[in-house]
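Spelled out from the first residue to the last, the chains are:
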2 protein chains.
Amino acid sequence: MENLEIIKRKAVQIFSEKELDEKLNSGKKLIIKFGADPSRPDLHIGHSVPLRILKQFQDMGHQIVFVIGDFTAMIGDPSGKSKTRPALTYEETRKSAETYMQQVTKILDVNKTKIVFNSEWLSKMNFEDIIKLASKYTVARILERDDFKNRFENNLPLSMHELLYPLMQGYDSVALNADIEIGGTDQTFNLLVGRELQKDYGEDSQVVMTFPLLVGLDGKEKMSKSLDNYIGLTDTPFEKFEKSMKIPDSVLKQYFELATDIPQNEIDNIMNGDIIEAHFKFAKELLKMYDKEEDFEVVKQRYDKIAKGGIPENIKEIEILEDNMNICDLLVKISFASSKSEARRMITGRGVKINSIVKEDINELIDLSKEIVVQFGKNKFIKIIK
Amino acid sequence: MENLEIIKRKAVQIFSEKELDEKLNSGKKLIIKFGADPSRPDLHIGHSVPLRILKQFQDMGHQIVFVIGDFTAMIGDPSGKSKTRPALTYEETRKSAETYMQQVTKILDVNKTKIVFNSEWLSKMNFEDIIKLASKYTVARILERDDFKNRFENNLPLSMHELLYPLMQGYDSVALNADIEIGGTDQTFNLLVGRELQKDYGEDSQVVMTFPLLVGLDGKEKMSKSLDNYIGLTDTPFEKFEKSMKIPDSVLKQYFELATDIPQNEIDNIMNGDIIEAHFKFAKELLKMYDKEEDFEVVKQRYDKIAKGGIPENIKEIEILEDNMNICDLLVKISFASSKSEARRMITGRGVKINSIVKEDINELIDLSKEIVVQFGKNKFIKIIK
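Every value quoted in this text rests on a predicted model; they were computed, and no experiment measured them. (Residues numbered from 1 in each chain as written. Chains lettered and ligands numbered in written order. Predicted model: local features only at pLDDT ≥ 70, side-chain atom pairs only at ≥ 80, totals over all residues. Heavy atoms only, no water.)

## Quick look at the environment of G61 of chain B
Residue and element names in this part refer to chain B. The line we're drawing: The secondary structure listing takes helices from DSSP runs of H or I that are at least 4 residues long and strands from runs of E that are at least 2 residues long, numbered from the N terminus. Each residue gets one of three labels from its accessible area relative to the maximum for its type: buried under 20%, exposed over 50%, partly exposed in between, using a 1.4 Å probe on protein chains only.
Tracing the backbone shows G61 in the loop between α3 (45-59) and β3 (63-68). Judged by its relative accessible area of 39%, G61 is partly exposed. For the pair G61 and V193, spaced 132 residues apart in sequence, the C-alpha to C-alpha distance is 26 Å.

Here's what the structure looks like:
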């Protein structure tokens, strides 16, 4: 029952633990529902928290079901108020689901995983079905959802159709006859709607389990790509290593607990030791989970060399035919800068080195007749060859 | 433009009068929507108020459309909370619509009247259509409806599906492309939803006109069958006459203004004269509208005779074979009483007369060998013949 221990350790709330134990003890292959949002397909270790829980359930022999909310994705926001919800075509929803699932393979055995699209049942519902669905819930109960409540009480626009979304999402549990649904703590309300609707439709209520949202590398905001405070599952081993070193000490323990499956006592040991070593251990675990454990020594060496101001091995090479070039043009050519004015700012900011020497003259003509290494900041390098 | 004068005189609110005039002046045959509730098919002169308005529009050459809400009638109340809304079958909705329209013939030319059932379009809507419809309205705006507001603010149950009903009713206006919708003042909110939705769906907004609810014969409550304070369109001429005499003097003018089409100056003249004469005039107008004007003198004579304690002419006759019968058995036999104990109470209460003589002995054996007249109270008579 090591799997279950990890699951329970990470859970914030379980509705209810007694029912969870009963279902798990029933010997039945359980249906574990997970609502995926493939509209943001760049998965990071924040996303990995629920996915690793699913992995535990999968290893226990249960059936993982990803529900792709293509139905609402295809409708978009008919009120036109939300810019983040443009209507997608059928093909777009399939394509983004594919990209999403491709990344999920880094954690789950996708061959054993079921993927369903909720348009399958929602598009078949008629007005009578929807009236029946809506009759199961009171307005007051729906308006308990925090964001609805805030908008309603502060007289911010809240359209009628938005109130239907939690019911649709909840109905997915009915359609799937889900045994367990897991999600982030921000999904608690929606998951509970599913649990209650199942009862109204004469099914056994699903167990609802919520898991924490991982804080970003800034130690403050929720990890997200748009805030650039994330460690991506598809980041290179070096990026993973380097970002691991930047995790604030104060949240490193949380990262171990949520983003890895290392046993709690081992985590406690690590955190009681040297903090730099702890960061190394975290990086190593990441590479073990998502890349190759052997990568660790390679990226660590590179990292150490840069830390000492040296030029790492195995840097990217680019071939340039010209014999010489203005330094700004060169920075644009190798894509360090997106424009000459940006290149000028990089130089005057003393960020640009050639062969480890800081360059200050924006008009300098760089000799390209022999190999040189261009560097920006601490860890951007390009070797220019003939 | 006499028709329009009558319409405007009776209206409480018009959204907007300017648009109404423009539509009427366009020369177009306008679509006038009226939402009928055939679940209560016993029409009374309270119902006649909007129906007589429709008659005016019909006489002006416009197209009257009765919308029968069979869709919601067939769904019933899926939450099971409302006992007044049991689900009806398709046949039941058609049958009650027929009974309803039969009574409408007393006011409108039904051959020129269109009857539509909203299941025609509502049953074809899918989840996407409904999301689109719901997106047109904010929650705050729907909760402005008085009954919703009261229930919501007083924490009384208000189910999600109920919020969809005004949208459905409003969508009927979109489906019909209605030019004008009329209804009672209690329908103002719903009618305005239709007006606003039409704009959202790219149609011209319908003009909304609301009309007063007629007060009942008690002078207090809204006229309704369940409160037994009504004058039914299918009441006998005598019942209409008798009930007209019972209209409280204080509301008689309102009855003239709303339930008849007599010009205002004439109503003022009537009300400035003798009040008993005014009641007679109202009764006469009712008979003129719904029965035969000539009936007036007949029922008035009968009424006068009873008022003087006499026995009216043309009373109902019943044949009884027995030569004699106990008085209580007789009262049950002719359906004056529903049981012998009720018959006894009627006699001991000195309410029963035979041939104008009060009967006091509950054991009396009544001689039926010759014709007699049995009377209960002031105006229930039956002649027993051989």
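Past the structure itself, the notes keep going.
## What to know about the pattern of salt bridges
Which entries qualify depends on this criterion: A side-chain nitrogen of Lys or Arg and a carboxyl oxygen of Asp or Glu constitute a salt bridge if their distance falls within 4 Å.
Within this structure, the stated rule accounts for 52 salt bridges over all chains. For E360 of chain B, the salt bridge identified is with R350 of chain B, shortest N-O distance 2.1 Å. Of this pair, E360 of chain B sits in the loop between β10 (357-358) and β11 (365-367) while R350 of chain B sits in the loop between α18 (340-348) and β9 (352-354), and the two are 10 residues apart along the sequence. According to the relative accessible area criterion, R350 of chain B is partly exposed, its value standing at 49%. Residues participating in the shared-partner salt-bridge network are K8, E17 and D21 of chain A.

## Description of the pairing of strand β13 (residues 380-385) of chain B
Residue and element names in this part refer to chain B. Defined as follows: Paired strands are those between which DSSP finds at least two bridges.
The sheet contact formed by strand β7 (residues 317-319) and β13 spans three bridges and is parallel. Looking at the pairing, E319 lines up with I385 of β13. One ladder, built from five bridges, connects strand β12 (residues 372-376) with β13; its direction is antiparallel. From the neighbouring strand, F376 faces β13, where its bridge partner is K380. The turn joining β12 and β13, which pair antiparallel and follow one another in sequence, is formed by three residues; a positive phi near 65° is taken by G377.

## What to know about the sheet that holds β13 of chain B
Residue and element names in this part refer to chain B. Reading across the sheet, the five strands line up as β7-β13-β12-β9-β10 and stay open at both edges, with mixed pairing between neighbours. Pairing within the sheet leaves two strands with one partner each, and these edge strands are β7 and β10. Direction of pairing for β9 relative to β12: antiparallel, over a ladder of three bridges. Looking at β12, one finds that K353 is bridged to Q375.

## Quick notes on the nonpolar core
Put simply, the rule is: Here, the term nonpolar core denotes a set of buried Ala, Val, Leu, Ile, Met, Phe, Trp, Tyr and Cys residues that are joined through side-chain atoms within 4.5 Å. Here a residue-residue contact requires only that any non-hydrogen atoms of the pair lie within 4.5 Å.
By size, the foremost hydrophobic cluster in this structure holds 62 residues, and its most contacted members are M160 and L167 of chain A together with M160 and L167 of chain B. Excluding residues within four positions of it along the chain, L167 of chain B makes contact with M160 of chain A together with L133, A134, Y137, I142, V193 and L197 of chain B.

## What about helix α7 (residues 127-134) of chain B?
Quick note on the threshold: Think of the arc as the fan of directions from the helix axis to the C-beta atoms. Distance and chemistry together define a polar contact, namely a pair of N or O atoms within 3.5 Å, with one atom able to donate a hydrogen and the other to accept it when in protein, and with adjacent residues in sequence counting only for side-chain atoms on both sides.
Within α7 of chain B the residues assigned to the buried category are F127, I130, I131, L133 and A134 of chain B. One face of α7 of chain B carries all of its buried residues, which in axial projection span an arc of 160°. The inward-facing, buried residues of α7 of chain B contact α4 (70-75), α6 (119-122), α7 (127-134) and α10 (160-176) of chain A together with α10 (160-176) and α11 (188-200) of chain B. Put simply, N126 of chain B is the residue that caps the front of α7 of chain B, since its side-chain oxygen is 3.0 Å from the backbone nitrogen of E128 of chain B.

## Thoughts on the relation of the copies chain A and chain B
Stated precisely, the cut-off is as follows: Least squares is the method for superposing the copies, and the C-alpha atoms it fits come from residues with pLDDT of at least 70 in both.
Rotating chain A by 179° about the axis while translating it 0.0 Å along that axis superimposes it on chain B, leaving an RMSD of 0.3 Å. On this basis, the relationship between the two copies can be described by a two-fold rotation axis. In terms of proximity to the rotation axis, the leading residue of chain A is N126 of chain A, whose C-alpha is 2.3 Å off the axis. A share of 100% of the interface residues of chain A reappears at the interface of chain B, consistent with the copies meeting face to face through the same patch.

## Remarks on the interface of chain A and chain B
In plain terms, the rule: Accessible area, probed at 1.4 Å, shrinks when two parts are joined; the buried area is that loss added up over both. For this classification, Asp, Glu, Lys and Arg are treated as charged, while Ala, Val, Leu, Ile, Met, Phe, Trp, Tyr, Cys and Pro are nonpolar and the rest, including Gly, are polar.
Counting residues at the interface gives 32 residues for chain A, matched by 32 residues for chain B. For the pair chain A and chain B, the summed buried area comes to about 2900 Å², and 83% of that belongs to carbon and sulfur atoms. Broken down residue by residue, the surface that chain A buries against chain B is led by F127, I131 and M160 of chain A, which jointly contribute 28%. One can count zero salt bridges joining chain A with chain B. Linking chain A with chain B are six residue pairs in polar contact (both at pLDDT 80 or more). Every element with two or more residues in the side of chain A that touches chain B is listed here: α4, α7, α8 (139-142) and α10 of chain A. Considering each element in turn, the side of chain A that touches chain B owes the most residues, seven residues, to α10 of chain A. Along the lines of polarity and charge, the residues of the side of chain A that touches chain B split into 22 nonpolar, seven polar and three charged.

## Describing the sheet that holds strand β12 (residues 372-376) of chain A
The five strands lie next to each other as β7-β13-β12-β9-β10 (chain A), forming an open sheet whose pairing is mixed. Each edge of the open sheet is held by one strand with a lone partner, namely β7 (317-319) and β10 (357-358) of chain A.

## Some thoughts on the confidence of the model for chain A
Convention followed: What pLDDT reports is the predictor's confidence in each residue, on a scale of 0 through 100.
Overall, the predicted model of chain A reaches an average pLDDT of 90, with 97% of residues at or above 70. Mean pLDDT values over the elements of chain A span from 82, in β10 of chain A, up to 97, in strand β6 (residues 207-211) of chain A.

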